[in-house]
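Inside the fold
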Amino acid sequence: MPLSIGAHVDQTDPLAEAAARGTDLVQFFLGDPQGYKGPEIRYAGGADGLRADAEAAGVALYVHAPYVINVATTNNRIRIPSRKLLQQHVDAAASIGARGLIVHGGHVNKGDDPEVGFDNWRKAIEATDLTVPLLLENTAGGDNAMARYLDRIARVWDAIGSASQAEMVGFCLDTCHAHAGGNALETVVEDVRAITGRIDLVHCNDSRDAFDSGADRHANFGAGQIDADLLASVVRDAGAPVVCETPGGAEEHRADFAWLRDRL
Ligand SMILES: [Zn+2]
């Protein structure tokens, strides 16, 4: 079976977006990625319709959680609504039959003890009813991030490992974030697997910015600063389904899929 290679798409009709790209895998938001308002299903057939139509079309759905979710923070006014929003998105993702919900690692404030953040991750997993796999994604920037550098990812993973439902937590490796975050792509698959034992999804993105720049700006393949063969080798070694979160629409994504397939 060749690897599934899909894209992050608009949420209104993800199945039409999949068809336009000739793919069997799409990722999308449910509602506003920048707000606390809670998930919405914009698909005309509602959650049940999307689930049934995706199954009939053989399209795998992944949901990206809002960027505002930060379950690690010491700030109650962010952490508490973040947990609520996380549970709401787990429920919504389950209602459409999604294969997973992707969530960023979050951060604690400058000057905060990162240990508190690791333990907040454990508490969040304890407190959430995980009816779909939760895929923790590495991030590119920030001084006190939970999932930028490997040593921090290891600490988060340790903390989560002691929670019940730990087996429902997986890992999403973002190539742009790894590169811009300062992790060598030559070894990142092996390094992450040594920590997590698993990579469930790859966010394959080129990076507009330099290694360890901390900047999260995705680029189309070959248009950024990541070596072409290296990018392909990460995808090959990870052996997990791929979501391209690259700029543009169906045409650009088709070109990115072809570029990647040529090099796998
Ligand atoms: Zn990503």
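Fair warning: this is a prediction, and the values are worked out from it, not measured in the lab.

1. With respect to the pattern of salt bridges
Side chains carrying opposite charge are able to pair once their charged atoms draw close together. The final tally for this structure, using the stated rule, is 8 salt bridges. Between Arg-155 and Glu-115 there is a salt bridge; the shortest N-O distance is 3.0 Å. Of this pair, Arg-155 sits in helix 5 (residues 150-161) while Glu-115 sits in helix 4 (residues 114-127), and the two are 40 residues apart along the sequence. One salt bridge connects Asp-209 with Arg-217, and the closest N-O pair in it is separated by 2.8 Å. The partly exposed category is assigned to Arg-217, whose relative accessible area is 37%.

2. A word on the coordination of the zinc ion
Listed as protein donors to the zinc ion are Glu-137 (OE), Asp-174 (OD), His-203 (ND1) and Glu-245 (OE); their distances from the metal cover 2.1 to 2.2 Å. Taken together, the 4 donor atoms coordinating the zinc ion and their angles of 85 to 171 degrees define a geometry best described as irregular. For the zinc ion, all donor residues lie on one chain, and their spacing in sequence is E-x36-D-x28-H-x41-E. On the criterion of sequence distance, the pair formed by Glu-137 in strand 5 (residues 134-137) and Asp-174 in strand 6 (residues 169-174) is long-range, its members being 37 residues apart. No difference in accessibility class separates Glu-137 from Asp-174, as the two residues are buried.

3. Section: the UniProt feature "domain: Xylose isomerase-like TIM barrel" (unreviewed entry) in the chain
When the UniProt feature table is mapped to this numbering, "domain: Xylose isomerase-like TIM barrel" (unreviewed entry) covers residues 15-262. A helix fraction of 42% and a strand fraction of 14% characterise residues 15-262, whose end C-alpha atoms lie 25 Å from each other.

4. Focus: the nonpolar core
Grouped together as the largest cluster of nonpolar side chains are 71 residues, with contacts concentrated most on Phe-28, Leu-61, Ile-96, Trp-121 and Leu-173. When neighbours within four sequence positions are excluded, Leu-173 is seen to be in contact with Asn-138, Ala-178, Val-188, Val-189, Val-192, Ile-199, Leu-201, Val-202, His-203 and Val-234. Within the second largest apolar cluster, 8 residues are counted, among which are Leu-25, Ala-60, Tyr-62 and Leu-135.

5. Remarks on the sheet that holds strand 3 (residues 60-64)
One closed barrel holds the 8 strands; their spatial order is 1-2-3-4-5-6-7-10, and the pairing between them is parallel. When the angles between neighbouring strand axes are averaged without regard to direction, this sheet yields 30 degrees. Strand direction decides the pairing type here: strand 2 (residues 25-28) and strand 3, joined by 4 bridges, are parallel. Its bridge partner lying in strand 3, Val-26 is registered against Leu-61.

6. Quick look at the packing of helix 5 against helix 7 (residues 188-196)
One can describe the packing of helix 5 onto helix 7 by two numbers: an axis separation of 9 Å at closest approach and a directional angle of 25 degrees. As summarised for this structure, helix 5 and helix 7 are arranged roughly parallel, according to the angle between their axes. Seen along the crossing, helix 5 lies across helix 7 with a hand that is right-handed. Contacts from Leu-150, Ile-153, Ala-154 and Trp-157 of helix 5 reach helix 7 at Asp-191, Val-192, Ile-195 and Thr-196.

Rules used in this analysis
Residues numbered from 1 in each chain as written. Predicted model: local features only at pLDDT ≥ 70, side-chain atom pairs only at ≥ 80, totals over all residues. Heavy atoms only, no water. Salt bridge = Lys/Arg side-chain N within 4 Å of Asp/Glu carboxyl O. Helix = DSSP H or I, 4+ residues; strand = E, 2+ residues; numbered from the N terminus. Buried < 20%, exposed > 50% of the residue type's maximum accessible area, 1.4 Å probe, protein only. Donors = N, O, S within 2.8 Å, 3.2 Å for Na, K, Ca; no water. Tetrahedral: all angles 85-135°; square planar, octahedral: opposite > 155°, others 65-115°. UniProt positions renumbered as here; feature names shortened; annotations may be inferred. Core = buried A, V, L, I, M, F, W, Y, C linked by side-chain atoms within 4.5 Å. Contact = heavy atoms within 4.5 Å. Pairing = 2+ DSSP bridges. Axes fitted to C-alpha atoms, helices over the stretch in contact; angles between N-to-C directions. Parallel < 35°, antiparallel > 145°, perpendicular 65-115°, else oblique. Left-handed = near helix turned anticlockwise from the far one by under 90°.

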